[in-house]
Amino acid sequence: MNQEEAVKVLRHAEVVLTMDEARREIADGAVVMRGPEILWVGPTAELPAAMLAGAAEVIDLHGHVLMPGLVNTHHHMYQSLTRVVPAAQDAELFGWLQNLYLLWARLTPEMIRVSTQTAMAELMLSGCTTSSDHLYLFPNGSRLDDSIEAAHTMGMRFHAARGSMSVGRSKGGLPPDEVVEDEAAILKDSERLIARWHNPGRFAMQRIVVAPCSPFSVSRELMRDAAILAREKGVSLHTHLAENDNDIAYSREKFGMTPAEYAESLGWVGPDVWHAHCVKLDEAGIALFGRTGTGVAHCPCSNMRLASGIAPIGAMRRAGVPVGLGVDGSASNDGAHMLGEARQAMLLARVGHGPAAMTAREALEIATLGGAKVLGRDDIGALKPGMAADLVAFDLRGVGHAGAWHDPVAALVFCQPANASLSVINGRVRVRGGELVDVELAPLLQRHRELAKTLYEAARRPHTA
């Protein structure tokens, strides 16, 4: 039996958090998978003997919570090279961007590859099995292909968003002219990437997303044409929207509309669209997104770091808006721990709206099923037969969870965020014993440090295009 057909059994988990329709939490639970697909979920005592006898591998998970892999709906992985840059530590969104564009203009293809691998390693070790990444500038010969090829070495399920910026400062946009692209070239490259890399099938490991960066960095025409292209090709759409007060002011001044009205006017609503942040989405915008099934990537750490505000997640969910979780870029979060992000989502909701604003289980639902829906997938986010074999297990026997055995599921969110002890993606073990299986981390991090230093020092010298 080859790897693709091998049966694996995970058993004796303290709790299996299924996220199925009944939201079952199975004590002393077990999961059986064959290749990329889950075959059976239930109590260990009811494990079919034939499945156990035919298993190529049996893993005991005493003391662990076993759950669906976490889904990250918004990231900028290249930003792992520019964490805690002094000039951008204490700025709001627009000032933060203006300082960092100077560094990002010097990115190289190798920097894209290594930063993608490093960011994915961090995500995988935190329990993430599927991630989107929004790459929106391509200097010095960089291409989205650099990120995609790096992702293949990591084995993570990946939605690669072909971002873009086309309106530089000379035309009233925020980014410097040196990092913007020609709009016809953007659309042509997006079409090339879809043809080369997009897989619409069930259990797909690779999908392409069309993703102009933001209303303050692209034109109306590019937003409109990108939506037309995406729908012709059957791919999703993604951008930033309504992130802070300055973002709202820009939209009203330039377009005479709220961000939600602007999005609707250009075809940027629907179940194939999701917007990052939406901190300042108003009541009408929330209602619009709920009616149309337009998704939101909630990025609590980044929103706090940049002092953007508290997104009205409770109101969104009550209105039927699909909400997923995003760590955002590593220069506006400076950490990318998915379980930690779920904890922060719960805590921030309570700061803004009271202690009942979000429960631990709601935070985990947003991080799994919510993310799956936002990305347009019905094959991830829950543990039940027929779903993708994407599972993570957290060991709660350490000091950080001592005393929390009466509710181990809630402990995942309330207590110290744990790293994943085990991660299975598409049926393959990618993290075992808290360590990456297929990637040697030390040399990767060493090269990442070298490139981060090179990038930072280069930004302090005059740039010649």
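This text gives an overview of the structure that appears in the document. (Residues numbered from 1 in each chain as written. Predicted model: local features only at pLDDT ≥ 70, side-chain atom pairs only at ≥ 80, totals over all residues. Heavy atoms only, no water.)

**Overview of the packing of aromatic side chains**
Aromatic ring pairs are defined here through the distance separating the ring centres and the angle between the ring planes. With the rule as written, the count across this model stands at eight aromatic pairs. For the ring pair Tyr 78 and Tyr 136, a centre distance of 5.9 Å and an interplane angle of 85° mean the geometry is edge-to-face. Taken as a pair, Tyr 78 in the loop between strand E6 (70–72) and helix H2 (93–104) and Tyr 136 in the loop between strand E7 (128–135) and helix H4 (144–154) lie far apart in primary sequence, 58 residues in all. Considered together, Tyr 78 and Tyr 136 belong to a single accessibility category, that of buried residues. Taken together, the ring pairs in this structure connect Tyr 78, Trp 96, Tyr 101, Trp 104 and Tyr 136 into an aromatic cluster. (Phe/Tyr/Trp six-rings, centres within 6.5 Å; stacked < 30°, edge-to-face > 60°. Helix = DSSP H or I, 4+ residues; strand = E, 2+ residues; numbered from the N terminus. Buried < 20%, exposed > 50% of the residue type's maximum accessible area, 1.4 Å probe, protein only.)

**Let's talk about the packing of helix H12 (residues 338–353) against helix H13 (residues 360–374)**
A packed helix pair is summarised by two numbers, namely the angle formed by the two axes and the spacing between the axes. Closest axis-to-axis distance for the H12/H13 pair is 9 Å, and the angle between their directions is 130°. Judged by the inter-axis angle, H12 sits oblique to H13. Note that H12 runs across H13; the crossing there is right-handed. Contacts from Met 338, Leu 339, Ala 342 and Met 346 in H12 reach Ala 360, Ala 363, Leu 364 and Ala 367 in H13. (Axes fitted to C-alpha atoms, helices over the stretch in contact; angles between N-to-C directions. Parallel < 35°, antiparallel > 145°, perpendicular 65-115°, else oblique. Left-handed = near helix turned anticlockwise from the far one by under 90°. Contact = heavy atoms within 4.5 Å.)

**As for the nonpolar core**
Core analysis: the largest hydrophobic core is formed by 145 residues, its most contacted members being Leu 66, Trp 96, Trp 104 and Phe 289. By residue number, the principal contributor to this core is helix H3 (residues 109–125), which donates nine residues. Those residues in contact with Phe 289, other than ones at most four positions away along the chain, are Leu 241, Ala 260, Val 269, His 275, Cys 278, Leu 281, Thr 294, Val 296 and Val 321. Within the second largest apolar cluster, 13 residues are counted, among which are Val 71, Ala 161, Ala 211 and Leu 375. (Core = buried A, V, L, I, M, F, W, Y, C linked by side-chain atoms within 4.5 Å.)

**Regarding the environment of Gly 285**
On the secondary structure map, Gly 285 appears in helix H9 (residues 283–292). As for Gly 285 and Ala 263, which are separated by 22 residues in sequence, their C-alpha atoms are 9.7 Å apart.

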